[in-house]
Amino acid sequence: MQVPYLGLNFAVYETLKDWLVKSRPFGLAEDAELSVTTKLVCGAAAGTVGQTVAYPLDVIRRRMQMVGWKHAASVVTADGKSALEYTGMVDAFRKTVHYEGFGALYKGLVPNSVKKRK
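These remarks concern the structure in this document. (Residues numbered from 1 in each chain as written. Predicted model: local features only at pLDDT ≥ 70, side-chain atom pairs only at ≥ 80, totals over all residues. Heavy atoms only, no water.)

All right, on to the nonpolar core then. Counting 5 residues, the largest nonpolar core consists of Y13, L20, L34, C42 and A46. Breaking this core down by element, the ones donating at least two residues are α1 (2-23) and α2 (36-66). (Core = buried A, V, L, I, M, F, W, Y, C linked by side-chain atoms within 4.5 Å. Buried < 20%, exposed > 50% of the residue type's maximum accessible area, 1.4 Å probe, protein only. Helix = DSSP H or I, 4+ residues; strand = E, 2+ residues; numbered from the N terminus.)

This is how it looks when you write it as structure tokens:
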């Protein structure tokens, strides 16, 4: 998950920073320079966006890894009946959303985000 997250994080941070310097909303930029606090907020916003967008990829990766673990059926399907088999990443996305809903792609996002901030 590192590559998509870091790419998004960098892109969002730079875009937000450039926008703040050019538009100067609320007087946040003085002489084309942002304060340390504003840069910190830009970094936090970029990290949040990157984590939120990239997190479903991590969920699918973990689910695909767990299919090979015979006792993981209750975790993978959330019903304890039988483990789902995936033919690839797109199939894993499709089955996850079909059987558990779109929200399943974001299960554990908040605890994972809190853990990353420490």
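This is not the end of the story, as more comes after the structure.
On to helix α4 (residues 89-100), then. Under the 1.5 Å per step criterion, the end-to-end length of α4 is 16 Å for 12 residues, consistent within 8% with the ideal 16 Å. Within α4, burial applies to D91, A92, K95 and T96. Take α4 and look down its axis: the buried residues cluster within an arc of 130°, on one side only. Those residues of α4 that are exposed and aimed more than 90 degrees away from the buried face are V90, R94 and H98. Buried residues along α4 sit in contact with α2. Of the residues one or two after α4, G101 is the one with positive phi, at around 90°. (Expected span 1.5 Å × (residues − 1). Arc of directions from axis to C-beta. Contact = heavy atoms within 4.5 Å.)

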